[in-house]
Every structure is written in C-alpha cells, then in structure tokens.
Amino acid sequence: MDIQIRNIHKGFGSFPALAGVDLDIASGELIALLGPSGSGKTTLLRTIAGLEFPDTGQILFGGEDTVALPVQQRRVGFVFQHYALFRHMTILENVAFGLRVRPRHERPSDKDIKRKAAELLDLVQLGGLEARYPTQLSGGQRQRVALARALAIEPRVLLLDEPFGALDAKVRKDLRRWLRELHDKTGYTTIFVTHDQEEALELADRVVVMSRGRIEQVGSTDEVYENPATPFVFDFLGNTNILPGEVRDHHIYVNGGPQPIADTAGHEPGPIDIYVRPIDLRIADAGVPSFDVDVLSTQRTGPVVRCEARAVTSGAVIEIELPHLHHDVPALKAGARVPLRLSNFSVFARGKPISRQALPDVVANAPAEYRERARAG
Amino acid sequence: MNRPVDHTLQDPPKLPFEPLIQKNAVITEARWVRVSLTAAALIFLLGFLLMPLIAVFVEALRNGIGAYFEAIVEDDAMAAIRLTLTVSLIAVPLNLVFGVIAAWAITKHSFRFKQLLITLIDLPFSVSPVVSGLIYVLIFGAQGWAGPWMSEHEFKVLFAVPGIVLATTFVTFPFIARELIPLMQAQGTDDEQAALSLGANGWQVFWRVTLPNIRWGLLYGVLLCNARAMGEFGAVSVVSGHIRGLTNTMPLHVEILYNEYNFSAAFAVASLLAMLALLTLGLKSLLEWRHGNELAATRRH
C-alpha cells in the first residue's frame, strides 16, 4: 500500500512536534525515520498509525484519506519499542488477538485462527514456543512475537517504533538482518523509527532524516551520506570536522590554503563552512591542494587510529581517522606538521553553528517516560 | 545458508539465586547486634499483636466451647452476622466497580482536575470515621438536608440498613482505587494501544487486556476492602442507632455485649472478626507469594 503524507502539523501545547511534513512512500518500501530525540520521528509514526491525531494535514493510504479513521480501522501493524505483549496470554494467543477481536461475521473459526497464528510464529522462527508466556522469552524473541502479532491482521503498513532500541548490540545486528529478509519475503510497506544512523543506513531503502519536526532530507543511503542537504544531516550521520573557508572567484578555499581545493557548485562568494568526515582526511602529496595542520596527539582505538590536529592558520581543532595499517599513519606523530587534503566534503554557507543540544542524546534503553518527554519537547 | 548462531533464539540465562547478605559482608552487622535487634522486634510483635489475639480466643473460650457456640448462634448475634455480611456484600461490589472506574480514568486518561480527584479518593482515609458517619446524620437526619423529604416518603436511611451501607461504602472507598492506581500507572498504556491497533474496541480492550493485567491487584484490593467493611466501627456506630437484631453489625454487637459485662459472648463474636482478619492475612500472603511481581508496584501495606 503506498502512503502519502501531506503537510502534517502537530503540536503538543506550544511545542511544534511536527511542523509541516510531506512524504511519499511507495508500496513495499522499507523506510527509516531517523533523527535525534525531540525531532518528531515517533510522533510522525504514531500519527500514521492513528495513535496521535494531526492538527492539520492528510495521510493517504492508497489514495484514501485516513486522518479521520480511528486506529482500529486503519489496519496498521504497530510494533512498540517495549513490545507491549499481553503478559497473561500465551504467545500463540498474543498473535491470535487481532483475529479474535474481529466482529463475529468477519472472524475466522477458532481452528483457522490457531492455524494462522502458528504459521506466523513459524514465519518469525518461534515455532514450538506457542505455549510460552511473554516473560519466558528473551528480548529478541519478544520482539518477534510483537512482529508476528502485528502481521496477523494483514496490515496495510507495518510501523515499528525503535524496533531494536531495547536489545543488546549482538542481538540487534542479528534481528536487523533478519528483519530485512522478512521484509523482502513478505513485501509489506514498512516504516521504522530509529535514532541509530548505522541501523537506518544499513536497513532502509530510503532514509528520512528529521530534525525539530521537519524533514531535513529524504534519500537512499548513498544520497544522504554523500550529498547531505543540510549541515544537520551531515553532522547527524557521522563524525564531523568543520573547517572555516571562503568562496572567492568561483573557487573554494580552506582558510590559509594557498590553492583552491575545488570549484564552486553555485555557492555565493563569502565565508563558508567546509564539512568533512575524519575518515575523509588524508596526507596530501606535493602539488595537490592542501592545508597544513599540527598534529596534537595520536591514539589507536582498536582497528582505527584517531589523530587530533590543529589547523595552522585558522586554529580549528580537527580529527583524523585512519585504518591502523594505512601508509599515512607513521607520519602522524604528535608535534609533526603535515599537509592535509580533503577526499570528500560538503560546503555550506556559514550560518549559526549547530548547537550541541540538537545532536543525538538518546540512550538506547531510554525508559518510556523519557521518550514521552522527548516527544512532548 | 550458513548463518552464525542466532542469539535472538536463545533462552535468557537463568541466574542462580544468591542471598545478598552472604555475598556482601559490608552490610552485615555484628552477631550480637543482629540477635538483639531481631529479639526486640519479635518481643514487640508478641506483646502488641499476638498476645491480644490469643487473649481474644482465651476469653472467648473461658466458659467452655458450649458457651462459645451459644453466644454465636444466639438470635441477636446471628442477626449481627447476617447484617455485616449483607453490608459488605453491597459495599464491596460498589467500591469494586467505582474503584476500577476511578483508577482507570485517572491512569489511562488525562483531564483537568485529575489531581483533585486523586485527593478526593483519599478523603475517607484522612477524616475520622466518626466524622464520616456524622456527614450522613447531617444529610439524612431529622434536621438534615434530605431528612424531611425522606420521612415524607417513608424511606429510612439513618438508623437503618441503607445508612450503614452508605457509611461503610464511604469509609472503604479508597482501598480498591488506591491499590489499582500505582499498579496501572506502572503498567502504562502501551498494552491498550497495542490492542486498539490490532482492531479491538474499547470494551474488548477493557475485558481482554486491562482487567486481566490488574486482576491480582484487584483481588488484593477487594480483600483489604472487605476486611475493613466487616470491621468498620466508628462511622457505622454513628449512623446505626444500635437497634439489637436490626441495625447492629458485628463490631457494634461486640461493644454492646462488652458493655453489658457479657465478656465471654463479646469475645466469642470478636473471635469471628479475628478469624476473618487471619483469613484475610493468609490470602493476602498467598497472593503476594504467588503474584508478587505483579503486585510489586503497590506493595506498601
């Protein structure tokens, strides 16, 4: 089922949780809503589900406006972060719940309900555990039950709220790959919320990066990573160095660099910020456009060597990351002066610096009330 | 496909139970401190709780087992027992329904004056039972607001069963609501939202999700409410009028017998109330033992 979201506004008190969101989702797509806490991603998901109602705007499921429909009639499969399994029911009955509460004339027979629920438990690889209660399962197993329960109503769209948020790193990785396989097998249109950029980039067909109730950028992993539309997107997707620079005579200069490092792509002349990731900085060969830095310290952290340096002219402290076997590593000794080149970077007109509060401050296992607060502002 | 071990399919590890005190020598005290503290607590318990309880049964059986049963099957005593059962059979279900409704409204919805409602629920705990009884005298008494209208229509509230039921319901109202509110707050609304998203209507959500989630807490509240309803003295004493065989509940009957120096009969009836208390305690401990985790949110009695 394709979904169109049109100009959704939603406020909690005076706080605008969603400030005009437009998004088109194709049938069968796997979409990630990515953003820091308070960015409105969970509110958007709950609005699509019908658990929150927008102040204005439309949500179209296959062309049909659903804003006025209550959650019961939207037929959405919603998987909660903390699973919300019914603890007094066996997992078979949990999965069967959506079928059992149907009006009598639409309800399948008891035998069919049980067979369907058992099939779904097989699909999520929990066959044989039908008679267990939710408290007798591990976190990853509960997550799968929640997913099977949501699939039982044959939803028009599958919505997952931080699906791996409460799991440890190893389980999270397994489940991520498994969810991708399941999505490819079943073909449900799926939207999931996450604050983990790695998870979003790895799992989703397209990533929707959100900040302060607005969509900053929508695109595939390559698009958002290689061509971030805003400084926020660049900063949120990974570690960032910000170098002061300048656009002059249709060329881009790093402050203090004698040669231009690139031609402009339509930037106005004036001061700019050059955004570059620590892994995209390399020691320049002679003759290549470069700028000088003094190495302050070098630290190996596992497979990566992390180096701190200060730009000679601008004084900006920057971070460099290299694989520990890279041939540049020996030159990066504390106290050395080396020329650096940028192998990949983005340029933004100098605005206000991104405040640190806008950056991710979400704890993976954040308790529910913390999320509530984040949602409410 | 050759895939690595799927960690999500493993059962959670079972952790062995380790008593805290053996592992953590820092928080233990010297032996004599532990022994004397335990002894002090036990002596206090014996003196103030167990001794009176034993005294009740000793006094009740002083004139022999025959006199004990005679005092219980005597007409006025049987009437008092019947009345007490009737009153609690009305008051407890009333408070069950309203307690669940109040707790549900407070924990699953947000509205203005919510805090005021929570405070009001606690009101019967904070006023003296005698005052609670007097409220009904002021309303339904001969000089009260509704008194003249009542006597015109020959409908008796005060010094009759309805008054006793009203006073008992008022005094025992907080027990069930107070038991459920923290439990339901701790459970949150995720389960209800999940049920709604699966297509359940409000009625189905309540019967299939909300009620099963709170059933043990509810039973616990009903037990406490019932114990108090049967044992209530102050408020009932004010509104009952102490008419023997008609408006005397068990606690009132005990008092009357005692005032008439009929000690062994008084203690015989009192022993029934004591047995009710023991039964309640036993059931309460059983519930805590079997369903302790679900009740943990409210474990403060």
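Residues numbered from 1 in each chain as written. Chains lettered and ligands numbered in written order. Predicted model: local features only at pLDDT ≥ 70, side-chain atom pairs only at ≥ 80, totals over all residues. Heavy atoms only, no water.

Turning to the UniProt feature "domain: ABC transmembrane type-1" (unreviewed entry) in chain B, a few remarks are in order. UniProt tags residues 81-284 of chain B as "domain: ABC transmembrane type-1" (unreviewed entry). Regarding residues 81-284 of chain B, the helix share stands at 80% and the strand share at 0%, and the terminal C-alpha atoms are separated by 23 Å. (UniProt positions renumbered as here; feature names shortened; annotations may be inferred. Helix = DSSP H or I, 4+ residues; strand = E, 2+ residues; numbered from the N terminus.)

Residue and element names in this part refer to chain B. Taken as a whole, chain B is organised into domain 1 (30-61) and domain 2 (65-299). Computed over C-alpha atoms only, the centres of domain 1 and domain 2 are separated by 30 Å. In this assembly, six residues from domain 1 lie in contact with 10 residues from domain 2. The interface formed by domain 1 and domain 2 includes zero salt bridges. In this assembly, domain 1 and domain 2 are joined by zero residue pairs in polar contact (both at pLDDT 80 or more). (Domains from an automatic or database assignment. Contact = heavy atoms within 4.5 Å. Salt bridge = Lys/Arg side-chain N within 4 Å of Asp/Glu carboxyl O. Polar contact = N/O pair within 3.5 Å; in protein donor to acceptor, adjacent residues only side chain to side chain.)

Attention now goes to the side chain of Thr107 of chain B. Residue and element names in this part refer to chain B. Mapping Thr107 onto the fold places it in helix 4 (residues 75-108). For Thr107, a relative accessible area of 13% gives the class buried. Only 2.7 Å separates the side chain of Thr107 from the backbone oxygen of Ala103, close enough to count as a polar contact. Ignoring any residue separated from it by four or fewer positions in sequence, one finds Thr107 in contact with Ile181, Met184, Gln185 and Thr189. (Buried < 20%, exposed > 50% of the residue type's maximum accessible area, 1.4 Å probe, protein only.)

All names here are of chain A. Within the structure shown, the criterion is met by 27 salt bridges over all chains. Note that Asp24 is salt-bridged to Arg6, the shortest N-O span being 3.1 Å. Here the residue Asp24 occupies a position in strand 2 (residues 15-25), and Arg6 occupies one in strand 1 (residues 3-12), the gap between them amounting to 18 residues. Close ionic contact of Asp184 with Arg180 constitutes a salt bridge, the shortest N to O distance being 3.1 Å. Placement of the pair is Asp184 and Arg180 together in helix 6 (residues 169-186), with a separation of four residues, close to one helical turn. Exposure remark for Arg180: the relative accessible area of 22% places this residue in the partly exposed category.

Let us now look at the sheet that holds strand 4 (residues 56-61) of chain A. Residue and element names in this part refer to chain A. Spatially, four strands are ordered 2-1-4-5 in an open sheet, and the strand pairing comes out antiparallel. Every other strand in the sheet has two partners, leaving strand 2 and strand 5 (64-65) as the edge strands with one partner each. As judged from the two bridges shared by strand 4 and strand 5, these two strands associate in the antiparallel manner. Looking across to strand 5, one finds that Phe61 is bridged to Glu64. (Pairing = 2+ DSSP bridges.)

Here we take up the pairing of strand 18 (residues 317-323) of chain A. Residues and elements named next belong to chain A. As defined by bridge partners, strand 17 (residues 304-311) adjoins strand 18 across seven bridges and the pair is classed as antiparallel. Following the sheet pairing, Val305 is matched in strand 18 by Leu322. Counted between consecutive antiparallel strands, the loop separating strand 17 from strand 18 contains five residues, among which Gly315 sits at a positive phi close to 75 degrees.

Turning our attention to helix 5 (residues 114-126) of chain B. In this model helix 5 of chain B runs 19 Å from its N-terminal to its C-terminal C-alpha over 13 residues, within 8% of the 18 Å that 1.5 Å per residue would give. Along helix 5 of chain B, the positions that sit buried rather than exposed are Ile118, Ile121 and Pro124 of chain B. (Expected span 1.5 Å × (residues − 1).)

What follows is about the nonpolar core. Val95, Leu147 and Val209 of chain A are the most contacted members of the largest nonpolar core, which has 48 residues in total. It is helix 5 (residues 139-151) of chain A that provides the largest number of residues to this core, a total of six residues. Apart from the residues within four sequence positions on either side, Leu147 of chain A is in contact with Val79, Leu158, Leu160, Trp178, Leu179 and Leu182 of chain A. Within the second largest apolar cluster, 39 residues are counted, among which are Ile25, Phe78 and Val157 of chain A together with Leu198 of chain B. (Core = buried A, V, L, I, M, F, W, Y, C linked by side-chain atoms within 4.5 Å.)

Let's shift gears to a nonpolar patch on the surface. A grouping of Leu42, Phe44, Leu45, Phe48 and Leu49 of chain B is seen on the molecular surface, where their side chains present a nonpolar patch of about 560 Å² in accessible area. Residue placement: Leu42 of chain B occurs in helix 2 (residues 31-60). (Patch = residues over 30% accessible without salt bridge, like charges linked within 9 Å, V, L, I, M, F, W, Y side chains within 5 Å. Areas by Shrake-Rupley, 256 points an atom, 1.4 Å probe, with all protein chains shown as cover.)

Remark on secondary structure: sheet strands pair via backbone hydrogen bonds, oriented parallel or antiparallel. All names here are of chain A. An order of 13-12-11-14-20 is seen for the five strands of this open sheet, with the pairing classed as antiparallel. With one partner strand each, in any of the chains shown, strand 13 (262-263) and strand 20 (346-349) form the two edges of the open sheet. Relative to strand 20, strand 14 (residues 270-276) runs antiparallel, the two being bridged by four bridges. Of the residues in strand 20, the one forming a bridge with Tyr275 is Ser346.

This part takes up the interface of chain A and chain B. Facing the 35 residues of chain A at the interface are 30 residues of chain B. With both chains or domains summed, chain A and chain B bury close to 2,800 Å², and 53% of this area falls on carbon and sulfur atoms. Linking Arg87 of chain A and Asp191 of chain B is a salt bridge whose minimum nitrogen-to-oxygen distance equals 3.0 Å. At the boundary of chain A and chain B, one finds six residue pairs in polar contact (both at pLDDT 80 or more). Elements that contribute at least two residues to the side of chain A that touches chain B include exactly helix 2 (71-74), strand 6 (76-79), helix 3 (91-100), helix 5 and helix 6 of chain A. The leading source of residues in the side of chain A that touches chain B is helix 6 of chain A, at six residues. Taken together, the residues of the side of chain A that touches chain B sort by class into 17 nonpolar, eight polar and 10 charged. (Buried area = accessible area lost by both parts, 1.4 Å probe. Nonpolar A, V, L, I, M, F, W, Y, C, P; charged D, E, K, R; others polar.)

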